[in-house]
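# Close look at the chain arrangement
So you can see what is in the structure, the chains are spelled out below.
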Number of protein chains: 2
Amino acid sequence: MAILIRGPAVVGRPGEEVLPKADVIVEGRRFEAVLPGGGAEGNFDFVVDGEGCLLIPGLVNAHTHLAMTLLRNVAPDVPLERWLADHIWPRERRLRPQDVYWGTLLGLAEAIRSGTTAVADMYFFMDEVAGAVEEAGVRALLSYGVVALTPDRIEPELAEAERFVRSWDGAAEGRIRAALSPHAPYTCPAAVWKRATALAHELKIPLHTHLAETWEEVERFRAETGRSPAEWLEELGALSVPLIAAHCVHVSEKDIEILAAHGASAVHCPTSNLRLGCGIAPVAELLAGGVNVALGTDGAASAGDLNLVEEVRLAALLAKARAGPAALPPAEALRLATAGGAAALGLGKEGGTIEPGRRADGVLVSTEGPHFCPGGDPVADLVYAGQGLDVRAVFVDGRPLLLGGEFQALDLEKILARCRRVAHRLRP
Amino acid sequence: MAILIRGPAVVGRPGEEVLPKADVIVEGRRFEAVLPGGGAEGNFDFVVDGEGCLLIPGLVNAHTHLAMTLLRNVAPDVPLERWLADHIWPRERRLRPQDVYWGTLLGLAEAIRSGTTAVADMYFFMDEVAGAVEEAGVRALLSYGVVALTPDRIEPELAEAERFVRSWDGAAEGRIRAALSPHAPYTCPAAVWKRATALAHELKIPLHTHLAETWEEVERFRAETGRSPAEWLEELGALSVPLIAAHCVHVSEKDIEILAAHGASAVHCPTSNLRLGCGIAPVAELLAGGVNVALGTDGAASAGDLNLVEEVRLAALLAKARAGPAALPPAEALRLATAGGAAALGLGKEGGTIEPGRRADGVLVSTEGPHFCPGGDPVADLVYAGQGLDVRAVFVDGRPLLLGGEFQALDLEKILARCRRVAHRLRP
C-alpha cells in the first residue's frame, strides 16, 4: 500500500531542523520519501491531508501495564501500601483472562488516540494482552511480570514467562516482541535474575524491570545486600543483556555509570512518580551520564491516563525544576518519547525518526487550535501546549490506526461498554 | 433566555457528592434549578445535550497576562534574566495597543476552549484588554500593572492604573471588575503600595500582585528591608483590602499566617513556577493554614498555554510530591480552580458552584473518550485524565460562548491570522 501524507511540517528527522512543509510517502511498512516543500506526484492508495499538522515519529510508551485502565483512578490519594492491599490487589485477584483482553484494548485505544505507536507492557494473562495488541495494530514489547517472593514460586513463574516468550516473540508480522520481566530486584531472588539473563541471551531478547522506584525500597535493599539494586544486577550479570529499567528515581552517580556502561535504558514515568510520592528521577543527570532515557506512563490505576503528550511536558517541566531552566529543551524532551523509546524497545535502527527506510510509525498532530498560535516554534508549542486530543492520525508499519481522530481498527463503543461492565464486577 | 442542559453529571455543588445525572435549568444569567435524575419540562430557548458530560463550575484563571500568547514559547529554556532582557522585553517594547487587543482575544479563545470562564489579567494597554474581554463574553478582573523602579514613575503609573479602574470597573454588564496592581513588593516602593491601598479602599476593589515568586527575590528583599514581602505588605496596611497574591512559592509559616489572617488569596501557578525554575508552592501548607488558594497559568510566554485543566492536574501531582499521596485529593484540586478562583476574584457569593441563584458560569466536559473509562470516579478522571479539548460547552452569565466545541462569539480564524501577523512583526 502506498500512502501520501500531504503537506505537514515534519519533526524528528535526525540532526535536522523542523521541515516547515513536506510531502511524505509511505510505501508498504516504511517511509519511502520525505520531499521538502511538497509536490509529490504518482499513484497512491490514499492521500492523507497533513496541512496544518506536525508529523512526528510515533510516541513510545516504554513502561506500562495497559489492562490497569480497568482500575483507573481507583481510590485516588490513598497511600501506596494501603492502596495496593485494600484496593488494587483485591480487584486484580478477580481479573479473568478476558478482562485483561478488554482492559488492554481500552489502554491501546487511549494510547493510539494520544499518538502512541509502541508500548512496553508487563502484566499477567499476557496471551490476552498479545491478542489485543495484534488486533489493535500497534507495536509492542510484551512480558509476563515474574514475582517470586518465596522459593516455590521461582519455577512456575519462570516457566510461564518463558512459555509466553516462545509463543509470541515475533508474532503479528514482527510487531510483537517479547521480553523477560523479573518484576524488580526486591521481588525476585538472584536465582530468577540469573536464569532470566541466561534465557534472554539464548532468545536474544531484553529484560524489562522496575528499578529504584522508591527511596524506602532502595534503602531496604542496601541494608539487606550492601549494594544498590543497579550494583546488584551488574554483579549478577543481568546487565549483559539489554535492560529496560522503569523509574530510576533513586539512582546514585555510580548507578548511572553502571547503566550507561552496559547500555541499559531508564524509563522516566513522571506522573506516576509524583502521584505515588516517589520523587523526581534525575533525567538531566541520566542523560549527561550517557544513559538512554525513554518515557512511560506506568499503569492508569496510578497515572490516571496513558497520554504521552502529557508525560513529555511533565518531563520537561520537572527537569527544569531539578536542574534549571536550560535543562531538557523541547526537542530533547520529545526525543525521549520517540527515538529514546525506540532505542529502549530495541527498535533503534528501525524506528524513532521520520526518514526513508525506517518503519512508518508516525503521528499527525493538528496545530490549528488557538494553543498553537502564533506558532514560532512548533516543537516547543507541541511540548508545552499540545494535548493528546490534538492527534489527528496515527500510522504503524504504514497502516492507519487513526484518521481524522477516528479509530480505523478498533470498535471503541464496544470496548468502553465491556470495560464498564468488567470494572463493575471487580468492585470488592 | 432560558436554557436546559439535559442530563449531565453535576460536579461542584457545595458539600455534596457528584450528581450522576441531572437536568440543569439556566434562566437569564443564573442557574434556576438542578433537577436530580432529570425530567425537566417547560419551554426553553434552547436545549443543550449534556448526556455523557460532566457539568462543572467555570474554571477561573486567577493570574495571567493574556496578550503574552503573542510571545508563546519564545526562546524556551533560556534562563530567566537573559530570557526577559534578550527575548521578551524587546518584543514587548514593540507591542501596540491593537496587538494587545488581538493577543488578548487569542488568549481568551484558548481559555474558553479549555473551560475557563473568568480571568484575572494584569498587563498594559488595558483598554484594549477590556475591549477584548467585553467582546469574548468572559468574566474578568483587570488591572494595569504598575512598575515604579524610579520615583518619577510613581505618579504616571498610578494615574494610569486609576484611570483604567474608573473607566472600566463594572463594565460589560458587570462582567468586568477592575483591580489595582502594584506589580510586586520589589518593583514598587512603599509610596505606591500606600496610595494603591487607599484607592482600593475608596473604590472597593482588590489588589492583585506577584508575591514571593523566586527565592533570590525574597532573599534580596529580606536583606534590604529585614522583612519578608508579606510581612512588609502587612506593615504597610496593604492587606487591609482583598489581595490576590500570585505565586507564593517562597512563603514562610509566618507569611502563611499573615495571608490567612487578612483573607488574602494565593494563586498557585505550577507550570510557570516549574518552567522558570522557581520551585513548588506549598499548597497543602497554605490550605492547612486557612489561606484561600486559586490557580493561574501566568502568561503563555513562559507557561506555554492557558489550559487550567492541566494546572489542576499538575497542582494535584505536585502537592503529592511535596506532602505525600494523600495531599490535595481530586475534588479539592478542582475546587482551587472553581470556588477558590471565584473567591479570589471576589465572586465568592456569586460563582464557583453549580446551584440555584448563582451566576450561570458552567462548563460541559465530555467523558466519552477512552481516557474517562470505566468511570468509577468522574472527578478523579477529570483531574488525572481530562484534557482541555474534552470541553464541549462553556457558559458565562448564562450565555453560551462555546457549543459542541465551536466558538459562539469569537471569529477564531480571524484571530489566529491577525496574531500570526503581529508575532512576525515583533521579532527583533
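Cut-offs used in this document
Residues numbered from 1 in each chain as written. Chains lettered and ligands numbered in written order. Predicted model: local features only at pLDDT ≥ 70, side-chain atom pairs only at ≥ 80, totals over all residues. Heavy atoms only, no water. Helix = DSSP H or I, 4+ residues; strand = E, 2+ residues; numbered from the N terminus. Domains from an automatic or database assignment. Contact = heavy atoms within 4.5 Å. Buried area = accessible area lost by both parts, 1.4 Å probe. Salt bridge = Lys/Arg side-chain N within 4 Å of Asp/Glu carboxyl O. Axes fitted to C-alpha atoms, helices over the stretch in contact; angles between N-to-C directions. Parallel < 35°, antiparallel > 145°, perpendicular 65-115°, else oblique. Left-handed = near helix turned anticlockwise from the far one by under 90°. Nonpolar A, V, L, I, M, F, W, Y, C, P; charged D, E, K, R; others polar. Pairing = 2+ DSSP bridges. Polar contact = N/O pair within 3.5 Å; in protein donor to acceptor, adjacent residues only side chain to side chain. Least-squares fit on C-alpha atoms with pLDDT ≥ 70 in both. Buried < 20%, exposed > 50% of the residue type's maximum accessible area, 1.4 Å probe, protein only.

Before going further, it helps to spend a moment on unusual backbone geometry. All names here are of chain A. Put simply, Cys-373 and Pro-374 share a cis peptide bond, and its omega is 5°. Within the fold, Pro-374 resides in the loop between strand 16 (362–366) and helix 14 (378–385). Here Ala-212, not a glycine, exhibits a phi torsion of approximately 55°, which is positive. One non-glycine residue, His-247, adopts positive backbone phi at about 90°. In this structure, His-247 sits in strand 13 (residues 243–247).

Moving on: the domain arrangement of chain A. Residues and elements named next belong to chain A. Here chain A is partitioned into domain 1 (2–57 + 360–407) and domain 2 (59–344). Distance from the C-alpha centre of domain 1 to the C-alpha centre of domain 2: 29 Å. Facing the 28 residues of domain 1 at the interface are 27 residues of domain 2. Both faces considered, domain 1 and domain 2 share a buried interface measuring about 2100 Å² in area, 63% of it formed by carbon and sulfur atoms. Looking only at domain 1, the three residues that lose the most surface to domain 2 are Val-383, Tyr-384 and Phe-407, adding up to 26% of its buried area. Close ionic contact of Arg-29 with Glu-173 constitutes a salt bridge, the shortest N to O distance being 3.2 Å.

Moving on, we get to the packing of helix 3 (residues 126–136) of chain B against helix 4 (residues 154–168) of chain B. Residue and element names in this part refer to chain B. Where helix 3 meets helix 4, the closest approach of the two axes is 10 Å, and the angle between their N-to-C directions is 25°. Classified by the angle between their axes, helix 3 and helix 4 sit roughly parallel to one another. The two elements helix 3 and helix 4 cross, and the hand of that crossing is right-handed. Packed against helix 3, whose contacting residues are Met-126, Asp-127, Ala-130, Gly-131 and Glu-134, the element helix 4 presents Arg-163, Phe-164 and Trp-168 at the interface. The residue inventory of the contact of helix 3 with helix 4, partitioned by class, reads four nonpolar, one polar and three charged.

Residue and element names in this part refer to chain B. Spatial ordering of the open sheet is given by 2-6-16-17-18-19, a layout of six strands whose pairing is mixed. Two strands bound the open sheet, and with one partner strand each, they are strand 2 (9–10) and strand 19 (406–407). Judged from the three bridges that link them, strand 17 (residues 391–396) and strand 18 (residues 399–403) form a sheet pairing that is antiparallel. Pairing of Phe-395 across the sheet is with Pro-400, part of strand 18. Each of strand 17, strand 18 and strand 19 is contacted by helix 2 (residues 97–113), which is oriented at about 115° to strand 17, the strand it contacts most.

Each partner contributes to the interface: chain B provides 54 residues, whereas chain A provides 54 residues. When the two sides are added together, the surface that chain B and chain A hide from each other amounts to roughly 4200 Å², 64% of it contributed by carbon and sulfur. One salt bridge connects Arg-313 of chain A with Glu-310 of chain B, and the closest N-O pair in it is separated by 2.7 Å. One can count 20 residue pairs in polar contact (both at pLDDT 80 or more) joining chain B with chain A. Top contributing element to the side of chain B that touches chain A by residue count: helix 12 (residues 308–323) of chain B, with seven residues. Class assignment for the residues of the side of chain B that touches chain A results in 31 nonpolar, ten polar and 13 charged.

Quick look at the relation of the copies chain B and chain A now. After a rotation of 180° and a shift along the axis of 0.0 Å, chain B superposes on chain A with an RMSD of 0.0 Å. What we have between these two chains is a two-fold relation. Looking at the interface residues of chain B, 100% of them are also at the interface in chain A, so both copies use one shared face.

Let us now look at the pattern of salt bridges. Residue and element names in this part refer to chain A. Under the criterion given, the structure shown has 48 salt bridges over all chains. Between Glu-155 and Arg-195 there is a salt bridge, and its shortest N-O distance comes to 2.9 Å. With Glu-155 in helix 4 (residues 154–168) and Arg-195 in helix 5 (residues 190–203), this residue pair connects regions lying 40 residues apart in the sequence. The exposure class of Arg-195 is partly exposed, given its relative accessible area of 40%. Several salt bridges converge on common partners, so that one network encompasses Arg-30, Arg-139, Glu-350, Arg-359, Asp-361 and Asp-397.

For the rest of this paragraph, the subject is the side chain of Asp-397 of chain A. Residues and elements named next belong to chain A. Take Asp-397: it is sitting in the loop between strand 17 (391–396) and strand 18 (399–403). For Asp-397, a relative accessible area of 10% corresponds to the buried category. Ignoring any residue separated from it by four or fewer positions in sequence, one finds Asp-397 in contact with Gly-28, Arg-29, Arg-139, Arg-175, Arg-359, Ala-360 and Asp-361.

A separate point is the pairing of strand 16 of chain A. Residue and element names in this part refer to chain A. The element strand 16 is largely enclosed, with a buried count of five among its five residues. Because side chains alternate across strand 16, one face comprises the buried residues Gly-362, Leu-364 and Ser-366, and the other comprises Val-363 and Val-365, equally buried. Sheet analysis places strand 6 (residues 53–57) next to strand 16, joined by five bridges and oriented antiparallel. Counted as the bridge partner of Leu-54 is Val-365 from strand 16. In the sheet, strand 16 pairs with strand 17 via four bridges, with the strands oriented antiparallel. If you follow Val-363 over to strand 17, its bridge partner there is Val-394.

Attention now goes to the side chain of Thr-187 of chain B. Residue and element names in this part refer to chain B. Topologically, Thr-187 is positioned in the loop between strand 11 (181–182) and helix 5 (190–203). Side chain to side chain, Thr-187 and His-183 meet in a polar contact 2.8 Å long. Discounting chain neighbours no more than four positions away, the residues touching Thr-187 are Val-147, Ala-148 and Leu-149.

Within helix 14 of chain A, seven of the eight residues are buried, which leaves it mostly tucked inside the rest of the structure. Every buried residue belonging to helix 14 of chain A is among Val-379, Ala-380, Asp-381, Leu-382, Val-383, Tyr-384 and Ala-385 of chain A, and all of these are buried. Where the residues of helix 14 of chain A are buried, they touch strand 6, helix 12 (308–323), helix 13 (330–344) and strand 16 of chain A together with helix 9 (270–275) and helix 11 (300–303) of chain B.

Residues and elements named next belong to chain B. Taken together, the four strands give an open sheet; going across it, the order is 4-3-1-5, and neighbouring strands pair in mixed fashion. One side of each edge strand has no neighbouring strand; the edge strands of this open sheet are strand 4 (30–36) and strand 5 (46–49). Strand after strand, the sheet turns through a mean of 20° between neighbouring axes, direction not considered. Pairing between strand 3 (residues 22–27) and strand 4: six bridges, direction antiparallel. Looking at the pairing, Glu-27 lines up with Arg-30 of strand 4.

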